[in-house]
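Per-entry structural report
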Amino acid sequence: MFRQSVQSLVTTWLTGLLALLPLVLTLALLAWLLSLLNTLVGPSTVIGQLLGALGQPFASNPALAYLVGTLVLLGSLYPLGLAVQLGLRRPLGWLLDMTLRRAPLIGSLYSLADRFVGLLDRSKNADIAAMSPVWCVFGGDGAAVLALQPNPDTVEIDGRPYCAILVPTAPIPVGGGLIYVPVEWLRAADMGVEGLTSIYLSMGLTPPQQASRQAKEPVVSEDGGSAS
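From a predicted model like this one, the values you see are computed outputs, not experimental measurements.

**What about the overall build of the protein chain?**
- Tallying secondary structure elements over the protein chain gives six helices and six strands in all.
- Helices (α) and strands (β) of the protein chain occur, in sequence order from the N terminus, as α-α-α-α-α-β-β-β-β-β-β-α.
- A burial count over the protein chain gives 24% of its 228 residues as buried.
- Put simply, 41% of the contacts in the protein chain that link residues at least 6 apart link residues at least 24 apart.
- For the protein chain, the exposed surface amounts to about 15,800 Å²; the carbon and sulfur share of it is 67%.

Shown next, in the form of structure tokens:
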């Protein structure tokens, strides 16, 4: 009887802990992010001092100057975005390609960061959004890979129709390997590009909605051949 009472108390206590744990973890994550931002761009950092110098003509107090400088920087992003929308994107991209991307170490880091940021930019993802998610079943009954099909056009190799697919790399679905596979290996994936992206970003933790039911029929192209 006593043991059952103790187990009931412990169970109730654990239930309350689990109910409160998501909120605690959320607050802890926010505190960590704020601490990280303060470490990277806080008033005592080099970037923070630059922001303070930017706001110093408008305020004499160091903290207020830092705040004003931050607001000035955030406000300057609007005309920059407007200039990019009006046609500055191409020359800006050319300038970055000629400078940052050619640096041995900085170029690799910048390319990786640019890919991550590209996930948030719909204009950069327009081509990816036009692709069709497909299952590529190797051998017709072997391992299945979730891929993107750029277009339904086929290429004849040794008298056999092949189709191009892009196999993304986790957790960066905007990159990957381009593979030409037989069209009969392809199956339609019952998901959008957003679903495929979420699967790769989670590195497989997010399961496909149709994992339990594989498509039976090959994808058929507009010209009557098997494609997507």
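Let us keep going from here.
**Topic: the pattern of salt bridges**
- Tallying each qualifying case throughout the model produces one salt bridge.
- One salt bridge in this structure joins E184 and R160, with 2.5 Å as the shortest N-O distance. Of this pair, E184 sits in the loop between β5 (172–182) and β6 (186–188) while R160 sits in strand β4 (residues 160–169), placing them 24 residues apart in sequence.
- On the accessibility criterion, R160 (34% relative accessible area) is partly exposed.

**Things to note about the packing of aromatic side chains**
- One pass over the structure, following the stated rule, counts one aromatic pair.
- Both rings, one in F138 and one in W185, keep their centres 5.6 Å apart while their planes meet at 65°; by these two values the pair is edge-to-face. Here W185 lies in the loop between β5 and β6 and F138 lies in the loop between β1 (132–137) and β2 (144–149), a separation of 47 residues in the sequence.
- Taking the relative accessible area as the measure of exposure, F138 reaches 30% and is therefore partly exposed.

**Quick notes on unusual backbone geometry**
- The residue D158 is not glycine, and still its phi comes out positive at about 55°.
- Structurally, D158 can be placed in the loop between β3 (154–157) and β4.

**Observations regarding the pairing of β2**
- Direction of pairing for β1 relative to β2: antiparallel, over a ladder of six bridges. Bridged to C136 within β2 is V145.
- Connecting β1 to the antiparallel partner β2 that follows it, the hairpin turn spans six residues, and G139 within it adopts a positive phi of roughly 80°.

**Some words on the pairing of β3**
- By the bridge criterion, four bridges tie β3 to β4 in an arrangement that is antiparallel. The residue of β4 that forms the bridge with T154 is C163.
- Turn length for the β3-β4 hairpin, with the two strands adjacent in sequence and antiparallel, is two residues, and the turn residue D158 shows positive phi of about 55°.

**Concerning the nonpolar core**
- Ranked by internal contacts, the top residues of the largest apolar core, which has 21 residues, are L146, I165, L186 and M191.
- Among the secondary structure elements, those contributing two or more residues to this core are β1, β2, β4 and α6 (193–201).
- Those residues in contact with L146, other than ones at most four positions away along the chain, are V134, W135, P168, A189, M191, L196, I199 and Y200.

**As for the environment of L146**
- One can find L146 in strand β2.
- For L146, a relative accessible area of 7% gives the class buried.
- Sequence separation between L146 and A189 is 43 residues, and the spatial gap between their C-alpha atoms is 7.9 Å.

**Some thoughts on helix α2 (residues 46–55)**
- Looking only at α2, the buried set comprises G48, L51, G52 and G55. In an axial view of α2, the angular spread of the buried residues amounts to 100°, which keeps them on one side of the axis. The outward face of α2, more than 90 degrees from its buried face, is lined by the exposed residues V46, Q49 and L50.
- Of the surrounding elements, those touching the buried residues of α2 are α1 (2–41) and α3 (62–98).

**Observations regarding the confidence of the model for the protein chain**
- Taken over all residues, the pLDDT of the protein chain has a mean of 79, while the share at 70 or more is 82%.
- Low confidence marks residues 224–228, where pLDDT is under 50. Its contacts with residues over four positions away, or in another chain, come to 22 contacts.

The rules we used
- Residues numbered from 1 in each chain as written.
- Predicted model: local features only at pLDDT ≥ 70, side-chain atom pairs only at ≥ 80, totals over all residues.
- Heavy atoms only, no water.
- Helix = DSSP H or I, 4+ residues; strand = E, 2+ residues; numbered from the N terminus.
- Buried < 20%, exposed > 50% of the residue type's maximum accessible area, 1.4 Å probe, protein only.
- Contact = heavy atoms within 4.5 Å.
- Areas by Shrake-Rupley, 256 points an atom, 1.4 Å probe, with all protein chains shown as cover.
- Salt bridge = Lys/Arg side-chain N within 4 Å of Asp/Glu carboxyl O.
- Phe/Tyr/Trp six-rings, centres within 6.5 Å; stacked < 30°, edge-to-face > 60°.
- Pairing = 2+ DSSP bridges.
- Core = buried A, V, L, I, M, F, W, Y, C linked by side-chain atoms within 4.5 Å.
- Arc of directions from axis to C-beta.
- pLDDT = per-residue confidence, 0-100.

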